[in-house]
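Topology and contacts: notes
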Amino acid sequence: MLLPSLSWIRNSLALTEDEILDASGLDVLIFVRLFKFGINFFLVCSVVGLLLLLPLNYFMGIGGSSSRSSHSMDAFTISNIKSGSNWLWVHCLCLYLVSFYGLFLLYKQYDDILRKRIRQLQSLRHQPNQFTVLVREVPLCDEHNAHDCAVAHFFSKYHPHSYQSYQILYDGKELENLLSQSKSVSQKIENLRRHARVRNRDGNISLSESQKNEERIEKLKEQLQELSCRIRKTQSKELLKAKELPVAFVTFKSRWGAALAAQTQQISNPLAWITEFAPEPRDVLWSNLAIPYKYLPLYKLGVYIAASLLTIFFAVPVTAVQGIAKFDRLKKWFPPAVAVQMIPGLRSVVTGYLPSAILNGFIYIVPFAMIQMAKLAGYPSRSRKDIKACNMVYYFLVGNVFFLSLLSGSLLDQIGESFSHPKKFPAHLASAASAQADFFMTYILTNGLSGFSLELLQPGLLVWDAIKSHAWDRGDRKRPYLYSLPYYRIIPYVALCILIGMVYAVVSPLLLPFLVAYFCLGYVVMINQIQDVYTTTYETCGQYWPYIHHYILGSIVIMQITMMGLFGLKLKPSAAICTAPLLVFTLLFNEYCKIRFLPTFNQCSVKDARDRDDYDEKADVLEANLQNAIDAYSPPCLCPLDLGDDEESSSSSVEPLLSSSSTT
């Protein structure tokens with residue numbers, strides 16, 4: 001009997017960071033740290049806001065007792081403070097306090113994650129990508145007119161002491177098609193045999209049916225044998241030579257040699273012999289490596305244009321949603337909406353909850369659209385594709401959900417003026433922010449309750465699996481499936497909530513407790529999902545954190561610009577001027593982090609590489625790790641045909657096929 005249980009919450013809270021790091025890797029730990037940052041930051045902001053700013057806004061507001069008798073949320077915001085009031089200096093002081101605390105947390109996180117990245121790379125010394133370099137735009141060999149031997153000649157000459165071997169890549173579309181056909185035929189044979197065994201066990205099969213079944217199996221086996229021969233013929237060295245790509249994975253004898261080769265320009269022409277660190281074998285997008293390197297800027301430009309068009313066209317539903325949120329404007333646009341007032345409580349639902357629910361429904365499809373666009377950009381690995389999609393989704397949400405919601409909800413008639421007079425943008429942003437606090441509070445609640453509930457229930461994956469089971473996978477043997485953690489879908493939404501919370505930290509402190517609850521709920525839910533639902537499909541050792549740092553720092557900058565505009569609207573220019581040094585300090589802090597931390601995330605120091613090599617030599621595992629790297633980057637099109645449990649699996653047609661790796 002299945003009974004509801006809250007034990008998963010206790011298990012989530014009991015999980016330590018070291019356990020997460022050991023079981024799932026640094027990328028997952030950074031994902032969890034994002035929720036912890038939100039809890040730590042907004043908990044302090046809530047204490048400051050509820051104990052200091054909220055009573056100040058309420059009791060020192062415009063109108064005295066009349067403002068206190070008001071049920072509007074404006075009575076608890078900075079909008080309730082009289083223009084020119086000296087009480088605005090308290091808000092300025094809180095802005096400094098909140099900003100410095102946010103920068104302190106960012107610095108502390110960056111420094112700690114950098115140390116963990118170095119330790120993680122040390123613990124993952126067995127990974128093949130630490131010995132391997134991805135080389136693109138390999139020219140043809142003058143002597144043999146082939147890319148294959150050009151790689152061996154070049155690295156044997158210019159990296160004679162560190163070069164070990166190479167794996168040239170091929171255009172494997174034809175081979176992949178043949179392999180797909182062979183797997184399909186093999187699956188049909190397995191299904192027929194399983195069906196026959198079930199019928200025999202039940203005694204429901206006649207002799208004629210059994211013979212027909214055997215004849216079908218024999219025909220399929222002949223077809224499979226023919227496909228196997230075609231695959232081996234296509235994988236022969238003579239035919240593969242014509243399908244060579246100017247791309248290769250080059251393995252070095254040491255990490256030190258790989259680091260030097262990956263981070264240096266090989267020849268004077270920067271468009272030939274382009275080197276970079278290879279992704280993990282499981283992280284490689286083999287089909288994208290077939291795209292000519294010179295065409296990649298065009299692919300990326302097309303993706304940027306498509307993402308921009310999606311952002312622009314999405315402005316229509318966002319503007320319509322904000323029209324619903326403003327009931328007076330809704331009555332003007334749609335007169336029958338007056339009937340809503342006749343039903344008690346319905347107006348609050350329509351103007352309060354409904355806009356946030358509709359907006360969440362629209363933007364639910366955005367991450368899936370962006371990940372498909374990122375696939376077309378030609379990135380060589382899934383991790384880089386996911387990071388790119390994460391960026392596109394975040395900036396889409398900032399543009400549409402945050403800025404456009406502000407403009408369409410409060411400043412629809414002043415959009416043109418904002419673009420023609422950019423100096424007035426801080427004032428416009430401040431005015432809009434103070435007017436839209438109730439909408440964003442509802443958005444946080446809707447996103448938190450519905451989003452994390454759907455994350456726990458996974459209805460989309462259940463429906464998709466049911467469709468597959470009753471459509472094209474009908475009758476197939478069930479296999480357990482695990483999905484990778486969708487960074488590109490969750491990180492942008494969480495970062496958007498951080499942006500909203502920071503902008504309203506001083507403007508409307510009543511929003512802050514809801515944000516603390518949002519991040520606490522998200523932390524518990526996502527820890528549970530990491531333990532029981534998602535699996536790790538790649539490990540970048542912390543490459544996500546520089547982007548998350550950038551999102552949060554940008555949120556702090558927007559918060560400060562908004563407050564400068566608010567102080568200007570409140571006729572307190574001295575407070576606005578005092579905010580300017582804080583903005584400059586924040587930007588200088590960002591530049592310092594770029595210099596101090598970012599290079600270690602993008603590059604590998606030769607000292608760290610040499611230290612890992614020395615450690616392996618002392619442990620006598622360097623040769624084993626090197627051999628693992630040599631064998632790791634065989635393209636899928638060169639893999640031997642796997643016939644599963646078929647009787648012919650011992651025949652010569654499935655012996656290990658051609659390997660194009662050449663060792664010096």
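Predicted, not measured: the structure shown is a model, and the values here were computed from it. (Residues numbered from 1 in each chain as written. Predicted model: local features only at pLDDT ≥ 70, side-chain atom pairs only at ≥ 80, totals over all residues. Heavy atoms only, no water.)

Another point: the overall build of the protein. Helices and strands together make up the secondary structure of the protein, namely 27 helices and seven strands. Across the 664 residues in the protein, those meeting the buried criterion constitute 49%. Taking as baseline every contact in the protein between residues at least 6 positions apart, the subset at least 24 positions apart corresponds to 82%. When the accessible surface of the protein is split by element, carbon and sulfur atoms take 61% of a total near 32200 Å². (Helix = DSSP H or I, 4+ residues; strand = E, 2+ residues; numbered from the N terminus. Buried < 20%, exposed > 50% of the residue type's maximum accessible area, 1.4 Å probe, protein only. Contact = heavy atoms within 4.5 Å. Areas by Shrake-Rupley, 256 points an atom, 1.4 Å probe, with all protein chains shown as cover.)

Right, let's get into the confidence of the model for the protein. The predicted coordinates ought not to be read in detail in places where the model reports low pLDDT. Per-residue pLDDT for the protein has a mean of 82; in total, 78% of the residues score no lower than 70. pLDDT under 50 marks residues 65–69. Its contacts with residues more than four places away, or in other chains, come to eight contacts. (pLDDT = per-residue confidence, 0-100.)

Our focus in this paragraph is the nonpolar core. The biggest cluster of nonpolar side chains holds 114 residues, and the ones touching the most others in it are I363 and F519. In terms of residue count, the dominant contributor to this core is helix α21 (residues 487–507) (18 residues). In this structure F519 touches L34, F35, G38, I39, F42, V494, C497 and I498, once residues within four positions along its chain are discounted. In this structure, I168, V185, L224 and L638 belong to the second largest nonpolar core, which totals 37 residues. (Core = buried A, V, L, I, M, F, W, Y, C linked by side-chain atoms within 4.5 Å.)

Here we come to helix α15 (residues 366–375). Buried within α15 we find V366, P367, M370, I371, M373 and A374. Viewed along the axis of α15, the buried residues span an arc of 160°, placing them on a single side of the element. (Arc of directions from axis to C-beta.)

If you want to describe how two helices pack, look at the angle between their axes and the distance between the axes. With their axes 9 Å apart at the nearest point, α21 and helix α23 (residues 545–569) run at an angle of 25° to one another. Taken as axis vectors, α21 and α23 run roughly parallel relative to one another. As for the relative orientation of α21 and α23, their crossing is right-handed in sense. Packed against α21, whose contacting residues are I491, A495, I498, L499, M502, V503, V506 and V507, the element α23 presents I548, Y551, I552, S555, I556, I558, M559, T562, M563 and L566 at the interface. (Axes fitted to C-alpha atoms, helices over the stretch in contact; angles between N-to-C directions. Parallel < 35°, antiparallel > 145°, perpendicular 65-115°, else oblique. Left-handed = near helix turned anticlockwise from the far one by under 90°.)

Before going further, it helps to examine the pairing of strand β2 (residues 163–170). Counting buried residues along β2, eight of its eight residues qualify, which places the element largely inside the surrounding structure. Inspection of the sheet shows β2 paired to strand β3 (residues 244–252) by six bridges, in the antiparallel sense. In the sheet register, Q167 faces β3, and the bridge partner there is F249. (Pairing = 2+ DSSP bridges.)

Turning to the layout of surface pockets, a few remarks are in order. Quantified by volume, the largest pocket comes out at close to 1300 Å³. Lining the largest pocket are 48 residues, and of these F277, R384, Q543, F601 and N602 sit closest to its centre. Looking at the lining of the largest pocket, the elements that each hand over two or more residues are α5 (88–123), α10 (255–262), β4 (274–277), α11 (296–313), α16 (382–410), α23, α25 (598–602) and α26 (606–619). Considering only residue class, the lining of the largest pocket consists of 21 nonpolar, 15 polar and 12 charged. (1 Å grid on protein atoms, 1.4 Å probe; cavity = no way out; pocket = protein on both sides within 12 Å on 5 of 7 lines; lining within 4 Å. Points joined across faces, edges and corners; volume = space filled by probe spheres on them. Nonpolar A, V, L, I, M, F, W, Y, C, P; charged D, E, K, R; others polar.)

Attention shifts here to the pairing of strand β1 (residues 132–136). When you tally the buried positions in β1, you get five out of five residues, the bulk of the element. Burial of the side chains of β1 extends over both faces: T132, L134 and R136 are buried on one face and V133 and V135 on the other. When β1 meets β3, the two strands line up antiparallel, connected through five bridges. Counted as the bridge partner of R136 is V247 from β3. Pairing analysis gives four bridges linking β1 to β4, with the strands arranged antiparallel. Its bridge partner being in β4, V135 is matched across the sheet by T275.

On to the pattern of salt bridges. Scanning all chains against the criterion turns up 16 salt bridges. Here R125 makes a salt bridge to D616, at a shortest N to O gap of 2.7 Å. You can see R125 sitting in the loop between α5 and β1 and its partner D616 sitting in helix α26, a full 491 residues away along the chain. Assigned by exposure class, R125 and D616 land together as buried. Between D611 and K607 there is a salt bridge, and its shortest N-O distance comes to 2.9 Å. (Salt bridge = Lys/Arg side-chain N within 4 Å of Asp/Glu carboxyl O.)

Turning next to the packing of aromatic side chains. Per the counting criterion, the structure on display carries 33 aromatic pairs. Pairing F155 with W273 gives two aromatic rings, centres 5.8 Å apart and planes at 80°, and the pair type is edge-to-face. Of this pair, F155 sits in helix α6 (residues 147–158) while W273 is found in the loop between α10 and β4, placing the two residues 118 residues apart along the sequence. Three or more aromatic residues joined by ring pairs make a cluster, and in this case those are F31, F35, F37, F41, F42, Y101, Y487, Y518, F519, Y538 and Y544. (Phe/Tyr/Trp six-rings, centres within 6.5 Å; stacked < 30°, edge-to-face > 60°.)

A cluster of acidic residues, D614, E617, D620 and E623, forms a negative patch on the protein surface. Residue classification places D614 among the partly exposed residues on the basis of a relative accessible area of 30%. (Patch = residues over 30% accessible without salt bridge, like charges linked within 9 Å, V, L, I, M, F, W, Y side chains within 5 Å. Lys, Arg positive; Asp, Glu negative; His and termini not counted. Charge placed at Lys NZ, Arg CZ, Asp CG, Glu CD.)

The next thing to look at is the side chain of Q109. Topologically, Q109 is positioned in helix α5. A polar contact is formed between the side chain of Q109 and the side chain of R33, at a distance of 2.7 Å. (Polar contact = N/O pair within 3.5 Å; in protein donor to acceptor, adjacent residues only side chain to side chain.)

A separate point is the side chain of E244. By the secondary structure assignment, E244 is in strand β3. Of the buried charged residues, E244 lacks a salt bridge, with K241 as the closest side chain of opposite charge at 6.6 Å. Side-chain polar atoms of E244 contact the backbone nitrogen of H147, separated by 2.9 Å. If sequence neighbours within four positions are ignored, E244 has contacts with A146, H147, D148, L169 and Y170.

Relative to the helices and strands, L622 is located in helix α27 (residues 622–632). Spatially, the C-alpha atom of L622 lies 8.2 Å from that of S254, the residues being 368 residues apart in sequence.

Here we take up the environment of D532. Here D532 shows up in helix α22 (residues 512–532). For the pair D532 and W8, spaced 524 residues apart in sequence, the C-alpha to C-alpha distance is 9.9 Å.

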